[in-house]
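The primary structure of each chain is shown beneath.
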Amino acid sequence: MLKAMNEFAAKKLGEVLAFANVGLETLDKARAGIVQAWSSDEIKLLVDGFSKQRDTIADSAKAAGVGDTTSTKAEATAIKLRSMRDAYVGDEWDNPAEIMEWLGFFEGSAMVHWALVRGAAETLDHTPIKQIADEAIGFHHDFLHNVRDKLMAIGESRAST
């Protein structure tokens, strides 16, 4: 039986919503560096994944009556994520190594936040959130491994010049 969503779950949804939003912003802001490492098809898959997460979270929070709490937490978390990202990348938005290094931090953190959401959704018996959480954990796991592989290739290339 679907249980009412408490403040903890609503705020955790807000945090993963922030990861989806900042992920999309980062892909756009870092386009000059990303296109050096990823194909347009790979970038489209990333955009689609973040977009699906964003839309499902927003719809689920609204349906559960916690849209305002989720939204407020998403805004606060996005401010923190942008600040960390911008401090790390600095003025090197065209440097794929810097972008990938940042994405390593970002993706690991996104994955563990989604694990909290998945646990909450299990307790709440919330099937749509369980499903998107399972997908999101897989998405961020695969993205992190892709980042690792891209960084290894960049390291190999730059060490040989």
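You'll find the structure just up there.
The shown structure was predicted, so the numbers you read here are calculated from the model rather than taken from an experiment.

Peer 1: Sorry if this is basic, but what is going on with the overall build of the chain here?
Peer 2: Each helix and strand in the chain was counted, giving six helices and zero strands. Starting at the N terminus, the α and β elements of the chain follow one another as α-α-α-α-α-α. Over its C-alpha trace the chain gives a radius of gyration of 16 Å, about what one expects of a compact globule, namely 15 Å for 161 residues. Considered along the principal axes of its C-alpha atoms, the chain spans approximately 60 × 25 × 20 Å. Put simply, 77% of the contacts in the chain that link residues at least 6 apart link residues at least 24 apart. Roughly 8,200 Å² of accessible area belongs to the chain as shown, and the carbon and sulfur atoms make up 56% of that amount.

Peer 1: Would you mind going over the packing of helix 1 (residues 7–29) against helix 3 (residues 40–63) with me for this structure?
Peer 2: A pair of packed helices can be characterised by two numbers: the angle between their axes and the separation between those axes. Running from N to C, helix 1 and helix 3 cross one another at 150°; their axes reach a closest spacing of 9 Å. As judged from the angle between their axes, helix 1 and helix 3 are roughly antiparallel. Between helix 1 and helix 3 lies a crossing whose hand is left-handed. Within the contact between the two elements, helix 1 uses L13, V16, L17, F19, A20, N21, G23, L24 and L27 and helix 3 uses L46, V47, F50, S51, Q53, R54, I57 and A61.

Peer 1: Even after reading the chapter, I still don't get the nonpolar core, so can you show me in this structure?
Peer 2: If you look at soluble globular proteins, the nonpolar side chains tend to sit buried side by side. In terms of nonpolar packing, the biggest core is built from 28 residues, with W38, F50, L103, F106 and F143 touching the most fellow members. For this core, the secondary-structure elements that each account for two or more residues are helix 1, helix 3, helix 4 (67–89), helix 5 (96–124) and helix 6 (127–159). At seven residues, the largest contribution of residues to this core is made by helix 5. Beyond its immediate sequence surroundings of up to four residues, F106 is in contact with F19, V22, G23, F50 and L81. In this structure, M5, L17, A74 and A121 belong to the second largest nonpolar core, which totals 19 residues.

Peer 1: Mind showing me how you'd approach the packing of aromatic side chains here?
Peer 2: Given two aromatic rings, one states the distance between the centres and the angle between the planes to describe the pair. Summed over all chains, the structure comprises 10 aromatic pairs. Between F19 and F106 the ring centres are 5.1 Å apart and the planes differ by 50°, which places this aromatic pair in the tilted class. Pair noted here: F19 is in helix 1 and F106 is in helix 5, with a separation of 87 residues, a long-range link. An identical accessibility class is assigned to F19 and F106; each is buried. Ring centres of F50 and F139 lie 5.2 Å apart, and the angle between their planes is 75°; on these two criteria the pair is classed as edge-to-face.

Peer 1: Any chance you could explain the pattern of salt bridges here in plain terms?
Peer 2: Between side chains of opposite charge, a pair can form as their charged atoms come close. According to the stated counting rule, one finds 14 salt bridges in the structure shown. Across the pair D48 and K44 runs a salt bridge, and its minimum N-O distance is 2.8 Å. With D48 and K44 both in helix 3 and four residues apart, the pair spans about one turn of that helix. Put simply, D55 and R54 hold a salt bridge, and the shortest N to O gap is 2.9 Å. Taking relative accessible area as the criterion, R54 reaches 28% and is therefore assigned partly exposed. When salt bridges that share partners are traced, they join K12, E15 and K73 into one network.

Conventions and cut-offs
- Residues numbered from 1 in each chain as written.
- Predicted model: local features only at pLDDT ≥ 70, side-chain atom pairs only at ≥ 80, totals over all residues.
- Heavy atoms only, no water.
- Helix = DSSP H or I, 4+ residues; strand = E, 2+ residues; numbered from the N terminus.
- Rg over C-alpha atoms; globule rule 2.2 N^0.38 Å.
- Contact = heavy atoms within 4.5 Å.
- Areas by Shrake-Rupley, 256 points an atom, 1.4 Å probe, with all protein chains shown as cover.
- Axes fitted to C-alpha atoms, helices over the stretch in contact; angles between N-to-C directions.
- Parallel < 35°, antiparallel > 145°, perpendicular 65-115°, else oblique.
- Left-handed = near helix turned anticlockwise from the far one by under 90°.
- Core = buried A, V, L, I, M, F, W, Y, C linked by side-chain atoms within 4.5 Å.
- Buried < 20%, exposed > 50% of the residue type's maximum accessible area, 1.4 Å probe, protein only.
- Phe/Tyr/Trp six-rings, centres within 6.5 Å; stacked < 30°, edge-to-face > 60°.
- Salt bridge = Lys/Arg side-chain N within 4 Å of Asp/Glu carboxyl O.

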